[in-house]
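Chains, contacts and geometry: an overview
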Amino acid sequence: MAYKDFRDFLATLEKEGQLLTINDEVKPEPDIAAATKAMSKLGAETPAMLFDNIYGYNDAKVAMNVMGSWPNHALMMSLPKNTPLKDQFFEFARRYDQFPMPAQREETAPFHEVEITENINLFDILPLFRLNQGDGGFYIDKACVISRDLDDPEHFGKQNVGIYRMQVKGKDRLGIQPVPQHDIAIHLRQAEERGENLPVVIALGNEPAITTAAATPLHYDQSEYEMAGAIQGEPYRIVKARDSDLDIPWGAEVVLEGELLAGVREFEGPFGEFTGHYSGGRSMPVIKINRVYHRQNPIFEHLYIGMPWTETDYMIGINTSVPLYQQLKEAFPNEIQAVNAMYTHGLVAIISTKRRYGGFAKAVGMRALTTPHGLGYCKLVIVVDEDVDPFNLPQVMWALSTKMHPKHDAVIIPDLSVLALDPGSSPSGITHKMVLDATTPVAPETRGHYSQPLDSPLNVEKWEQRLRELLR
């Protein structure tokens, strides 16, 4: 099931008709970002794109929209590309339950083909371009950033693999935004309390399993490498860094080894974010790059990000929903049916649940706010009945329009935490949150007239499966 490396996945996409190679000459700006944004407007089944004729560069290749559709997401899990979204959710949940899958250590990796330790110049190594017109510079926004807990360095699970935006500040300097809710912020605080720099590794162009795991809101002590193994169904391969005790994704195209400089802050931003707004500029930490590896003729993978939906929404949709689903099931194992937190990285979450008694659904919504992801996201939680598919928005809107009573079913909790990138937070990082109960009232709640629900014709599910097979 596992893909050998990033190129292996691209080859699979091409075989399945899910990779469009553009041979015509394009300009880095605005062509690449414009083409990717245009592709995202063409529906939920669009292909990845590979640009191999870029003005101003020799032999540079840029891959975009790699996970930017549900067929590509299905292929990431080695499923048929026409696997329905809800089926992908439950298959991801099944594999999530296989965690942890031990990682497999290797001595060498393909990216060791080229090594640079002197006169490092990222502008020569990487084809860089702005994604949105108002960006404050060139950004790297789909790399896996690896760091380790300094208080418990032997704990494999406390080595974090995360995805953070990084602005190219100079030939060997990056600015990074370590969001307080994310693990790297904890590691940086530990280092700065010691007055030490924090070792980091940045891996670009990775197999989709580790990119998916890196974008999944795991518990602090859960290993993304062990989750990547669970996602792909066999151990994930890693290799040790040269300058630190960090592990690197084996199949990466480009690897940057460096360190977060203790106490150093520089202006970073603005940057067009997944909220569809520029996040503005802030004083942020700086990474000094000390060593670079890359494959011969590396493929640079990038992520267009902006007004949803774009690749980021497909990439972080199901793997945001499943941890919320599993964490809610820990509290309510017999009631929780499914969770859809695909909208704006889970700022909106839709939960399907059975009800024990009147008011129960509101308690489920409140519990979602206290999950690891809910603390920084989940600004609006919609709770629906067990027979409402949370991935079917017409059904959700039906539940809201017929089951939710504005007087009784809207719960507002003031001044909770949210990520600072939320443009509606005021002050930045603080917001009111809301739970909307769109479930059918049960005793002791007795309002409304819900005693005669419409029955579906017999054998609908059987026909649904049969028609799906006929349409393949």
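Rules of the game
- Residues numbered from 1 in each chain as written.
- Predicted model: local features only at pLDDT ≥ 70, side-chain atom pairs only at ≥ 80, totals over all residues.
- Heavy atoms only, no water.
- Phe/Tyr/Trp six-rings, centres within 6.5 Å; stacked < 30°, edge-to-face > 60°.
- Helix = DSSP H or I, 4+ residues; strand = E, 2+ residues; numbered from the N terminus.
- Buried < 20%, exposed > 50% of the residue type's maximum accessible area, 1.4 Å probe, protein only.
- Lys NZ or Arg CZ within 6 Å of the ring centre and 35° of its normal.
- Pairing = 2+ DSSP bridges.
- Axes fitted to C-alpha atoms, helices over the stretch in contact; angles between N-to-C directions.
- Contact = heavy atoms within 4.5 Å.
- 1 Å grid on protein atoms, 1.4 Å probe; cavity = no way out; pocket = protein on both sides within 12 Å on 5 of 7 lines; lining within 4 Å.
- Points joined across faces, edges and corners; volume = space filled by probe spheres on them.
- Nonpolar A, V, L, I, M, F, W, Y, C, P; charged D, E, K, R; others polar.
- Parallel < 35°, antiparallel > 145°, perpendicular 65-115°, else oblique.
- Left-handed = near helix turned anticlockwise from the far one by under 90°.

Moving on, we get to the packing of aromatic side chains. This model, assessed by the stated rule, comprises 16 aromatic pairs. Measuring from centroid to centroid gives 6.4 Å for Phe123 and Phe138, while their planes differ by 65°, and the two rings are edge-to-face. One end of the pair, Phe123, is in helix α5 (residues 122-125); the other, Phe138, is in the loop between α5 and β6 (139-140), and 15 residues separate them in sequence. Since its relative accessible area comes to 26%, Phe138 is described here as partly exposed. Between Phe156 and Tyr225 the ring centres are 6.3 Å apart and the planes differ by 35°, which places this aromatic pair in the tilted class. Of this pair, Phe156 sits in the loop between β7 (144-148) and β8 (159-162) while Tyr225 sits in helix α8 (residues 224-232), and the two are 69 residues apart along the sequence. Site record: aromatic cluster; members linked through ring pairs are Trp70, Trp309, Tyr314 and Tyr343. Over the ring of Trp250 we find Arg237, and its NZ or CZ is 3.6 Å from the ring centre.

This next bit is on the sheet that holds strand β1 (residues 19-22). With respect to topology, 4 strands assemble into an open sheet ordered β1-β2-β3-β16, the strand pairing being mixed. In this open sheet, the two edge strands, each paired with only one partner strand, are β1 and β16 (299-301). Strand-to-strand twist across the sheet, computed as the mean angle between neighbouring axes with direction ignored, equals 20°. Here β1 runs beside strand β2 (residues 48-51); their pairing, made up of 4 bridges, is parallel. Opposite Leu19, over in β2, you have Ala48 as the bridge partner. Docked against the sheet, helix α1 (residues 6-15) engages β1, β2, β3 (61-64) and β16, running at close to 80° with respect to β16.

The element helix α10 (residues 360-369) is largely enclosed, with a buried count of 7 among its 10 residues. For α10, every residue scored as buried is listed here: Phe360, Ala361, Lys362, Val364, Gly365, Ala368 and Leu369. Those residues of α10 hidden inside the fold are in contact with α9 (311-331), β17 (336-343), β18 (348-353), β19 (380-385), β20 (410-417) and β21 (430-438).

The subject of this paragraph is empty space enclosed by the protein. In the structure shown here, the tally under the stated rule is 2 cavities of 30 Å³ or more. In terms of lining residues, the largest cavity is bounded by 14 residues, among which Asp437, Thr439, Thr440, Pro441 and Glu445 are the most central. The residue inventory of the lining of the largest cavity, partitioned by class, reads 5 nonpolar, 4 polar and 5 charged. The volume enclosed by the second largest cavity comes to roughly 50 Å³. Put simply, the parts of the chain that give the lining of the second largest cavity at least two residues each are α1 and α7 (208-214). Ranked by the residues each element gives to the lining of the second largest cavity, the list is headed by α7, at 3 residues.

So, about unusual backbone geometry. Excluding glycine, residues mostly carry a negative phi; peptide bonds, for their part, are mostly trans. Residue Pro30 is reached from Glu29 by a cis peptide bond, and omega for that bond is 0°. Here Pro30 shows up in helix α2 (residues 28-40). Of note, the amide linkage connecting Ser426 to Pro427 takes the cis form, showing an omega dihedral of -5°. Secondary-structure assignment places Pro427 in the loop between β20 and β21. Here Asn297, not a glycine, exhibits a phi torsion of approximately 50°, which is positive. Within the secondary structure, Asn297 is located in the loop between β15 (282-294) and β16. The backbone of His345 sits at a positive phi, close to 55°, despite the residue not being glycine. Counting through the fold element by element, His345 comes out in the loop between β17 and β18. Note on His345: relative accessible area 12%, which makes it buried.

This part takes up the environment of Met166. The topology assignment puts Met166 in strand β9 (residues 166-170). Exposure remark for Met166: the relative accessible area of 0% places this residue in the buried category. Between the C-alpha atoms of Met166 and Asp135, which are 31 residues apart in sequence, the distance is 12 Å.

Two elements in contact, helix α4 (residues 85-96) and α9, have axes whose closest approach is 10 Å; the angle formed by their N-to-C orientations is 60°. Classified by the interaxial angle, the pair formed by α4 and α9 is oblique. The element α4 and its partner α9 pack so that their crossing is right-handed. Between α4, through Leu85, Gln88, Phe89, Phe90, Phe92, Ala93 and Tyr96, and α9, the contact on the second element is made entirely by Ile318, Asn319, Ser321, Val322, Pro323, Tyr325, Gln326 and Gln327. Residues that form the contact of α4 with α9 fall into these classes: 10 nonpolar, 5 polar and no charged.

Turning to the packing of α9 against α10, a few remarks are in order. Interhelical geometry of α9 versus α10 gives an angle of 125° and a closest axis separation of 10 Å. Taken together, α9 and α10 sit at an angle that is classed as oblique. α9 and α10 meet at a crossing whose hand is right-handed. Each of Leu324, Gln327, Leu328 and Ala331 in α9 lies in contact with α10, whose residues at this interface are Val364, Arg367 and Ala368. Split by residue class, the contact of α9 with α10 holds 5 nonpolar, 1 polar and 1 charged.

These results come straight from atomic positions and should not be treated as a statement about function.
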